[in-house]
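Listed here are the chains, written in short residue letters.
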Amino acid sequence: MGRQGYVVPVDPQMGAVGLKKKTTGSRNWILLDSTGLGTVLDLDKNAIMHRVNIHARDLRILDPLLSYPSTILGREKAIVLNLEHLKAIITADEVLLRGPSEDNVIPVVEELQRRLCLQGYGKEPRGHDVDGDEEDESPFEFRALEVALEAICSFLAARTTELETAAYPALDELTSKISSRNLDRVRKLKSAMTRLTARVQKVRDELEQLLDDDDDMADLYLSRKLAAPASPISASGAAWCAGSPTIGSRISRASRASIATVRGDENDVEELEMLLEAYFMQIDGTLNKLTTLREYIDDTEDYINIQLDNHRNQLIQLELFLSSGTVAISIYSLITAIFGMNIPYYWNDNHGYMFKWVHNLLI
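**Details of the overall build of the protein**
At step 1: Scanning the protein from N- to C-terminus turns up 12 helices and seven strands.
At step 2: Within the span of the protein, comprising 363 residues, buried residues form 37% of the whole.
At step 3: Sequence separation of 24 or more characterises 70% of the internal contacts of the protein that already satisfy a separation of 6 or more.
At step 4: Summing over all exposed atoms, the protein offers an accessible surface of approximately 21,100 Å²; the carbon and sulfur share of this is 56%.

**Comments concerning a negative patch on the surface**
At step 1: A contiguous patch of negative charge on the surface is contributed by E76, D214, D215 and D219.
At step 2: Structurally, D214 can be placed in helix 7 (residues 214–219).
At step 3: Note on D214: relative accessible area 44%, which makes it partly exposed.

**A word on the nonpolar core**
Considering soluble globular proteins, one finds that nonpolar side chains tend to be buried as a cluster.
At step 1: Residues I72, L97 and L272 are the most contacted members of the largest nonpolar core, which totals 60 residues.
At step 2: The element contributing the most residues to this core is helix 5 (residues 140–176), with 17 residues.
At step 3: The residues contacting L272, other than those within four sequence positions of it, are F142, L145, M217, L220 and Y221.

**Observations regarding the pairing of strand 2 (residues 28–33)**
At step 1: Where burial is concerned, most of strand 2 is hidden: five out of the six residues are buried.
At step 2: Pairing of strand 2 with strand 3 (residues 38–42) involves five bridges; the strand directions are antiparallel. By the bridge assignment for strand 3, W29 is matched with L41.
At step 3: Here strand 2 folds back onto strand 3 in antiparallel fashion, the turn holding four residues, of which G36 has a positive phi close to 90°.
At step 4: For strand 2 and strand 7 (residues 94–98), the ladder comprises five bridges, and the chain directions are antiparallel. Pairing of D33 across the sheet is with E94, part of strand 7.

**Considering the confidence of the model for the protein**
At step 1: Residues with a pLDDT of 70 or more make up 69% of the protein, whose mean pLDDT is 77.
At step 2: Averaged pLDDT values over the elements of the protein bottom out at 42 in helix 9 (residues 234–240) and peak at 94 in helix 6 (residues 180–212).
At step 3: Scored below 50 in pLDDT, residues 1–26 shows 50 contacts in the model against residues more than four places distant or in partner chains.
At step 4: When the criterion is pLDDT under 50, residues 230–264 qualifies, and its contacts beyond four places in sequence or with other chains add up to 24 contacts.

**Examining the packing of aromatic side chains**
At step 1: Overall, the coordinates contain two aromatic pairs when judged by the stated rule.
At step 2: Here the aromatic rings of F142 and Y221 are separated by 4.7 Å at their centres, their planes lie at 80°, and the arrangement is edge-to-face. One end of the pair, F142, is in helix 5; the other, Y221, is in the loop between helix 7 and helix 8 (222–230), with 79 residues separating them in the sequence. With respect to class, F142 is no different from Y221; both count as buried.
At step 3: Aromatic pair Y168 and Y296: ring centres 5.0 Å apart, planes at 70°, arrangement edge-to-face. Here Y296 lies in helix 11 (residues 270–339) and Y168 lies in helix 5, a separation of 128 residues in the sequence.
At step 4: On the accessibility criterion, Y168 (23% relative accessible area) is partly exposed.
At step 5: Directly above the ring of Y221 sits R224, whose terminal nitrogen or CZ lies 4.0 Å from the centroid.

**With respect to a nonpolar patch on the surface**
At step 1: The grouping of L315, L318, F321 and L322 at the surface amounts to a nonpolar patch, some 460 Å² of accessible area in total.
At step 2: Considering the arrangement of structural elements, one finds L318 in helix 11.
At step 3: We classify L318 as partly exposed; its relative accessible area is 47%.

**Topic: the pattern of salt bridges**
At step 1: Here the structure, examined in full by the defined rule, presents 17 salt bridges.
At step 2: In this structure, D184 and R187 form a salt bridge, with 2.7 Å as the shortest nitrogen-oxygen distance. With D184 and R187 both in helix 6 and three residues apart, this pair spans about one turn of that helix.
At step 3: One salt-bridge network, held together by shared partners, links E111, R114, R115 and E150.

**Details of the environment of N53**
At step 1: When you line up the elements, N53 lands in the loop between helix 1 (45–52) and helix 2 (56–60).
At step 2: The class of N53 is partly exposed, set by a relative accessible area of 43%.
At step 3: A C-alpha to C-alpha distance of 6.8 Å links N53 and K77, two positions 24 residues apart in sequence.
At step 4: Every residue in contact with N53, bar those within four places of it in the chain, is listed here: I48 and K77.

**Some details on unusual backbone geometry**
At step 1: For N53, which is not glycine, the phi dihedral falls at a positive 60°.
At step 2: Unusually for a residue other than glycine, E84 sits at a positive phi of about 55°.
At step 3: Relative to the helices and strands, E84 resides in the loop between strand 5 (79–83) and strand 6 (86–90).

Conventions adopted
Residues numbered from 1 in each chain as written. Predicted model: local features only at pLDDT ≥ 70, side-chain atom pairs only at ≥ 80, totals over all residues. Heavy atoms only, no water. Helix = DSSP H or I, 4+ residues; strand = E, 2+ residues; numbered from the N terminus. Buried < 20%, exposed > 50% of the residue type's maximum accessible area, 1.4 Å probe, protein only. Contact = heavy atoms within 4.5 Å. Areas by Shrake-Rupley, 256 points an atom, 1.4 Å probe, with all protein chains shown as cover. Patch = residues over 30% accessible without salt bridge, like charges linked within 9 Å, V, L, I, M, F, W, Y side chains within 5 Å. Salt bridge = Lys/Arg side-chain N within 4 Å of Asp/Glu carboxyl O. Lys, Arg positive; Asp, Glu negative; His and termini not counted. Charge placed at Lys NZ, Arg CZ, Asp CG, Glu CD. Core = buried A, V, L, I, M, F, W, Y, C linked by side-chain atoms within 4.5 Å. Pairing = 2+ DSSP bridges. pLDDT = per-residue confidence, 0-100. Phe/Tyr/Trp six-rings, centres within 6.5 Å; stacked < 30°, edge-to-face > 60°. Lys NZ or Arg CZ within 6 Å of the ring centre and 35° of its normal.

Below you can see the structure in the form of structure tokens.
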């Protein structure tokens with residue numbers, strides 16, 4: 001299938017560090033083959049759709065200008081991966097990764113090159129070693145998917161650890177001293193925790209949805225789907241390409257997959273299920289940490305509310321005491337005002353001594 005656009009080969013020995021120096025646009029991709037060799041491509045949407053045989057709606061999910069939730073889609077010949085900052089298309093023998101010069105993507109490119117390079121070149125010296133054959137059993141798309149899941153889970157776990165490191169001391173300081181500065185600091189941390197929780201929850205829900213549907217997991221077996229129609233000619237194909245170790249290993253894996261399909265194992269998703277379960281448990285543990293942090297924040301808020309209610313009750317008691325004193329003083333003022341009225345009244349006749357008694361009593 002022909003390539004379109006500007007192509008720049010990347011030395012696998014140099015890794016992805018040199019990618020920082022390249023001027024990249026919104027359409028920059030890096031292509032990693034089964035040997036870990038990287039090639040920077042500047043492709044448009046039509047070229048990508050033609051190369052990996054996906055629809056425009058699937059490619060739109062990878063558009064950084066559009067906000068789509070975390071998604072792992074299995075198509076006929078590709079896996080569309082949108083996990084946080086990782087936007088990739090995985091086929092049976094290559095990986096297309098978007099934005100290779102971004103700071104969060106460069107470590108993923110380096111790890112993909114390292115693992116694919118070990119898998120691509122490390123198997124020839126071992127010959128017929130049993131351990132090497134066992135390592136080859138994992139399909140290419142699963143190895144690439146594992147690197148992406150590991151990177152995302154580690155990234156979210158690191159963000160969670162940073163948030164915990166900043167949140168717990170701030171909450172403890174707030175309980176010891178309630179001030180506007182501490183309240184504003186905790187408010188910002190709580191907002192960051194809410195956003196991070198939503199991101200982790202989306203990744204967890206996507207993995208859970210895949211684990212709950214065997215058909216969706218079966219769609220991710222790209223090597224199996226490619227090997228199924230090639231099973232009648234697998235024996236003849238192995239004869240003319242026996243001199244090529246790379247092609248021979250692919251034919252060998254395709255032959256094993258085709259045999260599994262003939263035996264009725266096309267619905268066997270145990271390998272992928274174990275892979276997804278491992279990272280589901282990891283992302284679930286990250287979500288549990290955030291849940292624990294949210295509960296700690298809620299407990300701190302309850303404690304602060306109790307303190308504020310206590311101060312409010314003390315102010316109410318003080319106000320009641322002052323009001324009682326005001327009422328008591330106003331009674332004396334009322335009596336004094338009555339006797340001080342400059343109007344004639346008859347009940348004071350022959351009772352002048354009452355003014356002296358009242359005056360002395362008030363004093």
